[in-house]
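# Summary of structural features
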Amino acid sequence: MDYRKIFEVKPGKKVDLNKIDPDFTDDFAGKKDAAELVEKNSALLKQLQYELYAENRQSLLIILQAMDAGGKDGTINHVLAPMNPQGCRVQNFKVPSSEEASHDFLWRVHRAAPKNGEVVIFNRSHYEDVLVVRVHDLVPKTVWRQRYDYINDFERMLAGHNTRIVKFFLHISKEEQLKRFEERLDQKDKHWKISAADYKERQFWDDYQKAFEDALTNCTTEFAPWYVIPANQKWFRNLAVSQILIETLQDMKMKMPEPTVDIDEIRKLAAAEWKKIKK
Ligand code: ADP
């Protein structure tokens, strides 16, 4: 199965989110049916991240966007769990601080981009500047419209610096969102996640979907593709995201660096040390 092909937003094609089923789970009967593959994927992700880190010449930038309760936190947890924390990082993007707001909208984003060998996940991103900003009229239309081009140019530049970019829109239904809000009410340890803004923003559901459709349509490129992930079923969302990351990392063809020392010489030194201990 090639999940990149199935879920990719193809450049030049207009996205219609209504036509993408958030309940899609491929041929899997359920979570149990996918468990073996999920486990295999975790081990593969661990190995591939190790190679990326060791190679230290390329990097991976994962951009996550979703409606509220879309599952960004759960996805981050799932994807990063098998990885070595030394080589990965999560970057959250909140309402810009006054310093951030006094620069261009990509300033804070560029600083957070991955360095060689690193995996970085953006929990929200520069796409907020054509999503929430558009829905709430925070800047004039002439300003946010121009940003699609700026974003494409910026991402092309990162790609030219050996940063592989993959962008996931976690696609849930409006009903699923309400269900998840209610689950938070039922579970005491999730109460901290509840905000009055959730229900307020929900009133703008259609505006957000439209803004997402335009962002996905205008900013899916060969060098930084968008993927729409059916995300009503959390286990399938995790599986699809990990599968795409594996396919992407394999495509990057990392090469382990050549040793900087003569290994045979080092072996001799080690043998000599053992001899001293055993005397
Ligand atoms: P999350 O929902 O990601 O767990 P928060 O509850 O702190 O985290 O929400 C972050 C908020 O910051 C969101 O409402 C988001 O729309 C807002 N935000 C992020 N970037 C921008 C931006 N560039 N302009 C305005 N608001 C933004």
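As shown above, the structure is provided for reference.
What comes next concerns the included structure. (Residues numbered from 1 in each chain as written. Predicted model: local features only at pLDDT ≥ 70, side-chain atom pairs only at ≥ 80, totals over all residues. Heavy atoms only, no water.)

Right, let's talk about the environment of Val135 for a bit. Structurally, Val135 is set in helix 6 (residues 132–135). Taking relative accessible area as the criterion, Val135 reaches 13% and is therefore assigned buried. For the pair Val135 and Tyr208, spaced 73 residues apart in sequence, the C-alpha to C-alpha distance is 6.4 Å. Excluding anything up to four places from it in sequence, Val135 contacts Phe204, Asp207, Tyr208 and Ala211. (Helix = DSSP H or I, 4+ residues; strand = E, 2+ residues; numbered from the N terminus. Buried < 20%, exposed > 50% of the residue type's maximum accessible area, 1.4 Å probe, protein only. Contact = heavy atoms within 4.5 Å.)

With that settled, consider the site of the ligand. For the ligand, the full set of nearby residues is Lys72, Phe93, Lys94, Val95, Pro96, Arg108, Asn123, Arg124, Glu128, Asp129, Val132 and Val133. Residue Val95 places a main-chain N or O atom 3.2 Å away from an oxygen atom belonging to the ligand. At a separation of 3.2 Å, a nitrogen atom of the ligand approaches a polar side-chain atom of Asp129. For the shell around the ligand, a count of residues per class yields five nonpolar, one polar and six charged. (Near = heavy atom within 4 Å. Polar contact = N/O pair within 3.5 Å; in protein donor to acceptor, adjacent residues only side chain to side chain. Nonpolar A, V, L, I, M, F, W, Y, C, P; charged D, E, K, R; others polar.)

Attention now goes to helix 12 (residues 263–278). Compared with the 22 Å implied by 1.5 Å per residue over 16 residues, the 23 Å span of helix 12 between its first and last C-alpha is a close match. Taking burial as the measure, the 16 residues of helix 12 include zero buried ones, a minor fraction of the element. Regarding helix 12, its N-cap is Asp262, as a side-chain oxygen of that residue lies 3.0 Å from the backbone nitrogen of Asp264 further along. (Expected span 1.5 Å × (residues − 1).)

Our next topic: the pattern of salt bridges. Counting across every chain of the model gives 21 salt bridges. The salt bridge partner of Arg124 is Glu128, with a shortest N-O separation of 3.1 Å. Given the relative accessible area of 24%, Arg124 is considered partly exposed. Between Lys268 and Glu265 there is a salt bridge, with its nearest N and O atoms 3.2 Å apart. One end of the pair, Lys268, and the other, Glu265, are both in helix 12, three residues apart, so they sit about a helical turn from each other. Salt bridges here are not isolated pairs; linked through shared partners, they connect Arg4, Arg164, Glu247 and Asp251. (Salt bridge = Lys/Arg side-chain N within 4 Å of Asp/Glu carboxyl O.)

Counting 73 residues, the largest nonpolar core has Leu60, Ile62, Tyr127, Phe168, Ile229 and Leu245 as its most contacted members. With nine residues, the top contributor of residues to this core is helix 11 (residues 234–251). Excluding anything up to four places from it in sequence, Leu60 contacts Leu52, Pro114, Glu118, Val119, Val120, Arg164, Val166, Leu245, Thr248, Leu249 and Met252. (Core = buried A, V, L, I, M, F, W, Y, C linked by side-chain atoms within 4.5 Å.)

Looking now at the environment of Gln58. Inspection of the secondary structure assignment puts Gln58 in the loop between helix 2 (31–55) and strand 1 (59–66). Once the C-alpha coordinates of Gln58 and Gly117 are considered, the two residues, 59 residues apart in sequence, prove to be 5.5 Å apart. Once residues within four sequence positions are removed from consideration, Gln58 is found in contact with Leu52, Asn116, Gly117, Glu118, Asn162, Met252, Lys253 and Met254. A polar side-chain atom of Gln58 sits 3.1 Å from a polar atom in the side chain of Glu55.

Judged by how many residues are buried, strand 5 (residues 226–230) sits mostly within the fold: five of five residues are covered. A two-sided burial pattern is seen for strand 5, the buried positions comprising Trp226, Val228 and Pro230 on one face and Tyr227 and Ile229 on the other. In the sheet, strand 4 (residues 163–171) pairs with strand 5 via five bridges, with the strands oriented parallel. Along strand 5, the bridge assignment pairs Phe169 with Val228. (Pairing = 2+ DSSP bridges.)

On to the sheet that holds strand 5, then. Sheet architecture is open: five strands sit in the order 2-3-1-4-5, paired in parallel fashion. Each end of this open sheet is capped by a strand with a single partner; those strands are strand 2 (88–92) and strand 5. Strand-to-strand twist across the sheet, computed as the mean angle between neighbouring axes with direction ignored, equals 20°. Of the strand pairs in this sheet, strand 2 and strand 3 (residues 119–123) are connected by five bridges, and their pairing is parallel. Along strand 3, the bridge assignment pairs Cys88 with Val119. Across the sheet, helix 7 (residues 141–160) is in contact with strand 1 and strand 4; its angle to strand 4 comes to roughly 135°. Contacts from helix 11 reach strand 1, strand 4 and strand 5, with the element oriented near 165° to strand 4. (Axes fitted to C-alpha atoms, helices over the stretch in contact; angles between N-to-C directions.)

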